[in-house]
Amino acid sequence: MPAPDVAALLSELERSEPDYAEHARSAIDWLTGGEPLETITELNMCEFLWYTLPTKVSGDRPAIARALASLLRLGGLERYAALCLSSTTAQILRTYTRSGEDAGMAAYQSALDATGVLPPDVPELRWSSIMGPEELGAHGACSAALELAIVSGELTAGSPERQTLTRHWLTTPRPELGGDNWLHRVQGERLNRWVLGRGTAWRELAQPFEVRLHAPIPAPAEDHLEALRWLLEQGRRQGGVPLTQRHNLARSVLAESPWSGAELAAVREVAQGQMGALRRAGRRLVITSIGERLFHDRDLLWEAAAAALLAPASGEHGFRASAREVALMLLADGSPADRDRVASVIDCEEWQTSEVDASLAELGRRLDAFGLRRAGRLTSAGRSAALAALRSHALRPRQYVNMG
């Protein structure tokens with residue numbers, strides 16, 4: 001059955017409830033943007049009622065919600081009409097009015113989480129808070145699938161199976177996408193944004209990597225990350241890794257290790273600081289739950305270690321991370337990653353060259369900690385790690401500054 005015509009419904013509402021007609025017209029324009037009623041989802045409704053209405057629409061907001069309910073009821077959308085008239089909607093609107101936008105936003109987010117229709121993060125994809133068109137499409141499609149499953153009784157709002165359904169919806173080829181899947185579309189969009197987003201010199205260097213980074217970079221067949229695995233194994237022992245009074249690795253640890261103290265200190269710094277795989281407990285270094293998962297999954301360990309090459313150090317800003325990205329692109333191509341070359345790509349000022357030096361030194365420490373370069377050049381595993389790090393960084397979700 002075709003969806004009811006909005007204009008016809010508005011005409012009917014003008015006859016039956018004339019006081020509501022103008023409110024309803026305004027609300028439906030905001031809600032659908034001129035699209036048919038059949039395109040509305042529960043996520044659309046929640047976002048309109050609990051965010052757009054109280055922050056962007058002027059007038060008597062409870063009355064607008066009631067008018068929209070009348071219009072939706074005329075169109076046979078009883079469930080969405082009930083949401084307009086729900087105690088949750090009334091309470092959120094009151095919260096915005098009485099306690100301000102921050103409190104209202106918190107109430108909105110809490111209520112939205114409780115519906116179960118917000119697609120959860122999955123191992124393959126963490127959702128952005130700033131989405132491009134492809135990611136918006138994927139997010140909306142996954143939300144609609146979750147809504148249908150919850151309404152049909154297949155899932156509950158709090159079911160862990162929501163993640164399974166989201167993964168399935170993201171990775172299954174879709175006829176409407178020409179046989180492609182939503183995950184590929186989102187990743188392609190993020191890669192393209194990464195390539196194009198930072199000036200001409202950056203684009204020229206990054207462009208060839210758009211194809212090279214499209215597929216996951218597998219872990220090398222040969223041995224790799226031996227020092228990291230060794231230190232994680234020590235952290236799993238009863239009592240963990242002994243430390244000195246100054247919290248350095250104890251001499252007994254260094255005597256047992258085939259690596260130098262400087263090498264192990266660098267491994268520890270990355271494993272503890274960027275990877276969260278180890279933590280200090282008094283004068284002991286012990287493995288974390290994250291470290292346990294990494295220790296038992298070589299592919300996951302590879303991905304985490306590669307991503308750590310570009311992870312920010314404590315208090316570090318994005319400029320240094322950008323310098324390391326440029327350096328990894330140059331090194332992956334077999335080119336020298338000297339200060340002048342890196343600085344020319346990121347177009348830094350003279351006074352910022354010390355920041356570039358610090359960034360390159362930090363990258364060198366991490367590469368050496370994982371045994372990924374020799375004589376200043378990447379090993380075969382190092383080149384793979386550089387590509388894996390770049391891919392992880394390019395595909396990271398876009399977030400507002402205050403959201404991390």
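Computed from a predicted structure; not experimentally measured.

**Observations concerning helix α1 (residues 6-16)**
Alright, step 1. Among the residues making up α1, those that are buried are V6, L9, L10 and L13. For α1, the angular spread of the buried residues around the axis is 100°, confining them to a single face.
Alright, step 2. Buried residues in α1 make contact with α2 (18-32) and α4 (61-74).
Alright, step 3. With a side-chain oxygen positioned 3.2 Å from the backbone nitrogen of A7, the residue opening α1 is D5.

**Points about the pattern of salt bridges**
Alright, step 1. Within this structure, the stated rule accounts for 19 salt bridges.
Alright, step 2. We note a salt bridge from R237 to E256, for which the minimum N-O separation is 3.0 Å. Highlighted residues: R237 in the loop between α13 (226-236) and β1 (241-242) and E256 in helix α14 (residues 251-256), separated in sequence by 19 residues.
Alright, step 3. Residue R237 is classed as partly exposed on the basis of its relative accessible area of 43%.
Alright, step 4. On the basis of relative accessible area, E256 is assigned to the partly exposed category, the value being 44%.
Alright, step 5. Each of E14, E22 and R25 takes part in salt bridges that share partners, so that together they form one network.

**Examining the packing of helix α15 (residues 261-273) against helix α20 (residues 353-369)**
Relative placement of two packed helices is described by the angle separating their axes and the distance separating the axes.
Alright, step 1. Running from N to C, α15 and α20 point in directions that differ by 105°, and their axes come no closer than 8 Å. When the interaxial angle is binned, α15 and α20 end up roughly perpendicular. Side by side, α15 and α20 meet where A266, V267, E269 and V270 of the first sit next to E362, R365, R366 and A369 of the second.

**Quick notes on unusual backbone geometry**
Trans peptide bonds make up the majority, and among non-glycine residues the majority have a negative phi.
Alright, step 1. Of note, the phi angle at L225 is positive, near 60°, even though the residue is not glycine.
Alright, step 2. Its location among the elements puts L225 in the loop between α12 (209-212) and α13.
Alright, step 3. Taking the relative accessible area as the measure of exposure, L225 reaches 2% and is therefore buried.
Alright, step 4. Despite not being glycine, H247 shows a phi value in the positive range, around 70°.

**Description of the side chain of T89**
Alright, step 1. With respect to the element layout, T89 can be found in helix α6 (residues 87-99).
Alright, step 2. Residue classification places T89 among the buried residues on the basis of a relative accessible area of 1%.
Alright, step 3. With residues up to four places along the chain from it excluded, the contact list for T89 reads L49, W50, L83 and C84.

**Examining the nonpolar core**
Alright, step 1. Core analysis: the biggest nonpolar cluster contains 69 residues, and W194, L228, M275 and F370 have the highest contact counts within it.
Alright, step 2. Ranked by residue count, the leading element in this core is helix α18 (residues 318-332), at nine residues.
Alright, step 3. Beyond its immediate sequence surroundings of up to four residues, L228 is in contact with V267, A271, M275, L301, A305 and F370.
Alright, step 4. Membership of the second largest hydrophobic core comes to 37 residues, among which are L37, I64, L72 and I92.

Cut-off values and rules
- Residues numbered from 1 in each chain as written.
- Predicted model: local features only at pLDDT ≥ 70, side-chain atom pairs only at ≥ 80, totals over all residues.
- Heavy atoms only, no water.
- Buried < 20%, exposed > 50% of the residue type's maximum accessible area, 1.4 Å probe, protein only.
- Helix = DSSP H or I, 4+ residues; strand = E, 2+ residues; numbered from the N terminus.
- Arc of directions from axis to C-beta.
- Contact = heavy atoms within 4.5 Å.
- Polar contact = N/O pair within 3.5 Å; in protein donor to acceptor, adjacent residues only side chain to side chain.
- Salt bridge = Lys/Arg side-chain N within 4 Å of Asp/Glu carboxyl O.
- Axes fitted to C-alpha atoms, helices over the stretch in contact; angles between N-to-C directions.
- Parallel < 35°, antiparallel > 145°, perpendicular 65-115°, else oblique.
- Core = buried A, V, L, I, M, F, W, Y, C linked by side-chain atoms within 4.5 Å.

Purely geometric stuff here, so don't read any function into it on its own.
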